[in-house]
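# Structural overview
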Amino acid sequence: MASAVVKATCFVLIAVALVAPLADAAISCGTVVGQLKPCLGYVQGGNVVPPPCCGGIKSLYTSAKTTADRRSICYCLKSLAGSFKGINYSKAAGLPGKCGVNIPYKIDPSTDCSKVP
Ligand SMILES: *[C@@H]1O[C@H](CO)[C@@H](O)[C@H](O)[C@H]1NC(C)=O
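Note that the structure is predicted; figures quoted are calculated from it, not measured.

How each quantity is defined
- Residues numbered from 1 in each chain as written.
- Predicted model: local features only at pLDDT ≥ 70, side-chain atom pairs only at ≥ 80, totals over all residues.
- Heavy atoms only, no water.
- Near = heavy atom within 4 Å.
- Polar contact = N/O pair within 3.5 Å; in protein donor to acceptor, adjacent residues only side chain to side chain.
- Areas by Shrake-Rupley, 256 points an atom, 1.4 Å probe, with all protein chains shown as cover.
- Core = buried A, V, L, I, M, F, W, Y, C linked by side-chain atoms within 4.5 Å.
- Buried < 20%, exposed > 50% of the residue type's maximum accessible area, 1.4 Å probe, protein only.
- Helix = DSSP H or I, 4+ residues; strand = E, 2+ residues; numbered from the N terminus.
- Contact = heavy atoms within 4.5 Å.
- Axes fitted to C-alpha atoms, helices over the stretch in contact; angles between N-to-C directions.
- Parallel < 35°, antiparallel > 145°, perpendicular 65-115°, else oblique.
- Left-handed = near helix turned anticlockwise from the far one by under 90°.
- Nonpolar A, V, L, I, M, F, W, Y, C, P; charged D, E, K, R; others polar.
- Phe/Tyr/Trp six-rings, centres within 6.5 Å; stacked < 30°, edge-to-face > 60°.
- Lys NZ or Arg CZ within 6 Å of the ring centre and 35° of its normal.
- Expected span 1.5 Å × (residues − 1).
- Arc of directions from axis to C-beta.
- Disulfide = S-S within 2.5 Å.

### Remarks on the site of the ligand
Neighbouring residues of the ligand: Asn88, Ser90 and Lys91. Here Asn88 contributes a side-chain N or O atom positioned 2.3 Å from an oxygen atom of the ligand. Coverage of the ligand by the protein chains reaches 24% of its 360 Å² of free accessible surface.

Here it is as structure tokens:
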């Protein structure tokens, strides 16, 4: 009995976890982190941009179709900026260009996300 309840609860949680990202228009911060993780080594002082980093930036860029998407990515990046040490923001700002992607705002802690187009 109890285990059936546990199983049912688990199933519901998994179902919600699978469906929520699709139902939610804005891109979750977890997605952003996952896509940009390969870039961390470079912005913390690496010399070459790893190909998976550009892949992440590109897929994030193509999935950010609405203003709400782009703002949620912006807020996510700002909230993350404080939690990783040693990020070189001039390198971070240059990343999209190195990957051939034109991002309409700077990746910078001073960016005003409410003004992101
Ligand atoms: C950040 O990166 C730029 C470009 O590679 C470099 O010129 C600059 O010295 C770096 N700044 C810091 C604080 O490491």
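### Concerning the nonpolar core
Ranked by size, the top nonpolar core spans 20 residues in total, and within it Val32, Leu36, Ile57, Ile73 and Leu95 carry the most contacts. Elements with a minimum of two residues in this core: helix 2 (29–36), helix 3 (40–43), helix 4 (51–63), helix 5 (67–81) and helix 6 (89–98). Not counting residues up to four positions away in its chain, the partners in contact with Leu36 are Ile57, Leu60 and Leu77.

### A short note on the packing of helix 2 against helix 5
Helix packing geometry: the angle between the two helix axes and the distance between the axes. Two elements in contact, helix 2 and helix 5, have axes whose closest approach is 9 Å; the angle formed by their N-to-C orientations is 70°. One element, helix 2, and the other, helix 5, form an angle in the roughly perpendicular class. For the pair helix 2 and helix 5, the sense of crossing is right-handed. Where helix 2 approaches helix 5, its residues Cys29, Val32, Val33 and Leu36 are matched on the opposing element by Ile73, Cys76, Leu77, Ser79 and Leu80. Grouping the amino acids of the contact of helix 2 with helix 5 by side-chain chemistry returns 8 nonpolar, 1 polar and no charged.

### Structural notes on the packing of aromatic side chains
As enumerated under the stated definition, the model contains 0 aromatic pairs in all. Over the ring of Tyr42 we find Lys91, and its NZ or CZ is 4.6 Å from the ring centre.

### Let's talk about helix 4
Here helix 4 spans 18 Å end to end across 13 residues, near enough to the 18 Å set by a 1.5 Å rise per residue. Inspection of helix 4 places Cys53, Cys54, Gly56, Ile57 and Leu60 among the buried residues, and these make up the whole buried set. Each buried residue of helix 4 sits inside an arc of 160° when the element is viewed along its axis, so together they form one side. The inward-facing, buried residues of helix 4 contact helix 2, helix 5 and helix 6.

### Concerning the state of the cysteines
Considering all chains together, one arrives at 4 disulfides under this definition. Each disulfide pairs two cysteine sulfurs, and for Cys29 the partner residue is Cys76, the sulfurs being separated by 2.0 Å. On the sign convention where negative means left-handed, the S-S torsion of about 80° between Cys29 and Cys76 marks this disulfide as right-handed. On the criterion of sequence distance, the pair formed by Cys29 in helix 2 and Cys76 in helix 5 is long-range, its members being 47 residues apart. Assessed through its relative accessible area of 32%, Cys29 is described here as partly exposed. Here Cys54 is linked by a disulfide to Cys99, with a sulfur-sulfur distance of 2.1 Å. Between Cys54 and Cys99 the disulfide shows an S-S torsion of about -80°. By sign, it is left-handed. Placement of Cys54 in helix 4 and of Cys99 in the segment after helix 6 is noted, with a sequence separation of 45 residues between them. Of the residues examined, Cys54 reaches a relative accessible area of 13% and is grouped as buried.

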